[in-house]
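# Working through the structure, step by step
Take a look at the letters that make up each chain.
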Amino acid sequence: MTTMGTTDESLRQDLARRGVHVTSLESLYNWGRAHSLWPLQFGLACCAIEMIAATMARHDLARFGAEVFRPSPRQADLMIVAGTVTKKMAPMVVRLYNQMANPKYVIAMGACAISGGPFREGYNVLRGIDRYLPVDLYIPGCPPRPEALLHGVIRLQELIRGEKLSGPGRSRAADPAVPGEYPIPNYGPAGLRPPFNPDLWQPPSDPDAAPDDGSDAVTPRETTA
Ligand code: SF4
């Protein structure tokens, strides 16, 4: 097997020296997608400033083929959730994801997007966007520096290059059993309903654990409007 693989590789290199490049359709497809990521142009809080900095001259995200931020979700295939996701904003974030083109990816950038961060105990903050959207990559930090986002984008490109188009382990977009859209929660008088998407996230099974279902742990304040 190894000998065969070595022979194939030496033959491939020999052909490449003669200007003949041999590859698989899967590799070509993944290579094209990995280096033409179009992130959705939006931000939610302070982490978005670091995301913006990653695109500027000093860090220059464009070097990695991921700088064409698009203002329309229909032209974007990468959602960078950069900042605190409030329960009021969560329905809009999920709706934007649903409107994005397939295949699409999600990066949770910063402690807030991952878990609620310093506002986790707040009555109005979502304890992680992965309760509603399938997150491909988590970038920890408060905030993560632009270099961390660059590293995250490079890791995502590696993941995309390793994706399969068919068979076990195929990508989400190539699997008809995986939905391309997720239920949009509503912000009701007592928080989000439904409080989470059970297909994506399950609350802890430990009965002694603190309530952590994403719903309001405290009675919401009355509005005076
Ligand atoms: S993780 Fe820190 S820097 Fe990022 S949005 Fe939350 S509070 Fe702001």
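Calculation notes
Residues numbered from 1 in each chain as written. Predicted model: local features only at pLDDT ≥ 70, side-chain atom pairs only at ≥ 80, totals over all residues. Helix = DSSP H or I, 4+ residues; strand = E, 2+ residues; numbered from the N terminus. Pairing = 2+ DSSP bridges. Axes fitted to C-alpha atoms, helices over the stretch in contact; angles between N-to-C directions. Contact = placed C-beta atoms within 7 Å. Near = placed C-beta within 6 Å. Nonpolar A, V, L, I, M, F, W, Y, C, P; charged D, E, K, R; others polar. Buried ≥ 20, exposed ≤ 12 C-beta atoms within 10 Å, placed from the backbone. Arc of directions from axis to C-beta. Right-handed = clockwise from strand over helix to strand, strands pointing away.

Another point: unusual backbone geometry. A cis geometry characterises the amide bond from Asn-102 onward to Pro-103, with omega recorded as -5°. Within the secondary structure layout, Pro-103 lies in the loop between α4 (90–99) and β2 (105–109).

Further remarks concern the sheet that holds β2. On the basis of which strands lie adjacent, the open sheet formed by three strands has the order β1-β2-β3 and parallel pairing. The sheet is open, and its two edges are formed by β1 (78–82) and β3 (137–139), each paired on a single side. Neighbour to neighbour, the strand axes of the sheet diverge by 20° on average, direction disregarded. Looking at chain direction, β2 and β3 are connected through three bridges and run parallel. Within the sheet, the bridge partner assigned to Ile-107 lies in β3 and is Leu-137. Strands in contact with helix α6 (residues 146–161) are β2 and β3; relative to β3, the strand with the most contacts, it is inclined by about 165°.

With respect to spatial proximity, the complete set of residues near the ligand consists of Ala-45, Cys-46, Cys-47, Gly-83, Thr-84, Gly-110, Ala-111, Cys-112, Gly-117, Pro-118, Cys-142 and Pro-143. Partitioning the shell around the ligand into residue classes produces eight nonpolar, four polar and no charged.

Attention now goes to the environment of Tyr-105. Along the chain, Tyr-105 falls in strand β2. For the pair Tyr-105 and Val-135, spaced 30 residues apart in the sequence, the C-alpha separation amounts to 7.3 Å. In this view, Tyr-105 contacts Asp-77, Leu-78, Asp-136 and Leu-156; residues no more than four positions away in its chain are not counted.

Listed in full, the buried residues belonging to α4 are Ala-90, Val-93, Val-94 and Tyr-97. When α4 is viewed along its axis, its buried side chains cluster within an angular range of 95° and face the same direction. Lining the buried residues of α4 we find β1, β2 and β5 (191–193).

In terms of residue burial, β2 counts as a mostly covered element, since five of its five residues are buried. Of the pairings in the sheet, the one linking β1 to β2 comprises five bridges and is parallel in character. Bridging from a neighbouring strand, Ile-80 pairs with Ile-107 of β2. Taken together, β1, α4 and β2 constitute a β-α-β crossover, and its handedness is right-handed.

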